[in-house]
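Given next are the chains, with one letter for each unit.
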Amino acid sequence: MVVRYSACLGCYSSCGNRLKLDRATGRLLSVGGNPYNPSSAFPYLNFDEPLEKAYKSMSFANGEGNLSRGTVCGRGQGTQTTYNQPDRITVPLKRAGKRGEGKWKAISWEQLIKEVTEGGKLFADAGEDREVEGFKALHDTKTPMNADCPSLGPISNQFVLLGGRGDGRTIIGTRFTNCFGSINQYGHAAT
């Protein structure tokens, strides 16, 4: 068994959780509260406390139990059901038919990265003769998108990141968008 400390994404609170996983299979065995996270425990443990103290605080070992009870709500407990869902997507999927047909095929992460960056006739095997631009074609911070209207900015502004959650992914998205050379990052959530 292995224990991992993480954050629940069941809602926008991002409470800390503690996951017990089977080391051999990666199967999620249980979900509990993170004793280091103030959203899940009171009093919570300081981050510099060793893991041994966290384990003891969540048990009755050596008489130190329940010093810092970590909990998660029902939605947090539902993480286990979601993680163990047999239809959960765990590999990249690529459309394998016409749009709307619902046909998909699994591809490797390497193929995904190559197709997203290089572009090309990505759906030729599905009968499409359309060229799809990759990130490399859009990564031009010097050439204007429209020479007649330079205020639109460079070609890289054709890349748009539309996000929805304010749980940490927004920060990574902002960093990527800025490094890419686009000013176009938008969120559609309330946070």
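Above this note sits the structure.
What you see is a predicted model; the values in this text were computed from it and never measured.

Parameters and conventions
- Residues numbered from 1 in each chain as written.
- Predicted model: local features only at pLDDT ≥ 70, side-chain atom pairs only at ≥ 80, totals over all residues.
- Heavy atoms only, no water.
- Helix = DSSP H or I, 4+ residues; strand = E, 2+ residues; numbered from the N terminus.
- Pairing = 2+ DSSP bridges.
- Axes fitted to C-alpha atoms, helices over the stretch in contact; angles between N-to-C directions.
- Buried < 20%, exposed > 50% of the residue type's maximum accessible area, 1.4 Å probe, protein only.
- Polar contact = N/O pair within 3.5 Å; in protein donor to acceptor, adjacent residues only side chain to side chain.

*Asks:* Just give me the short version of the environment of Gly102, but keep the residues and values in it.
*Replies:* Take Gly102: it is sitting in the loop between strand E4 (93-95) and strand E5 (104-106). Along the chain, Gly102 and Gly134 lie 32 residues apart, while their C-alpha atoms are 23 Å from each other.

*Asks:* I'd love a proper account of the sheet that holds strand E2 (residues 16-21), names of residues and values included.
*Replies:* The antiparallel open sheet is built from three strands, whose spatial order is E1-E2-E3. Both outer strands of the open sheet, strand E1 (2-7) and strand E3 (28-33), are each paired with one neighbouring strand and no more. Averaged over neighbouring strand pairs, the angle between their axes works out to 25° when direction is ignored. Relative to E2, E1 runs antiparallel, the two being bridged by six bridges. Of the residues in E2, the one forming a bridge with Tyr5 is Arg18.

*Asks:* So what's going on with the environment of Ser40? Residues and values would help.
*Replies:* Within the element layout of this structure, Ser40 appears in the loop between E3 and helix H1 (51-57). By relative accessible area, Ser40 is classed as buried at 4%. Sequence-wise, Ser40 and Ala7 are 33 residues apart; in three dimensions their C-alpha atoms are separated by 10.0 Å. At 2.6 Å, the side chain of Ser40 forms a polar contact with the backbone oxygen of Gly16.

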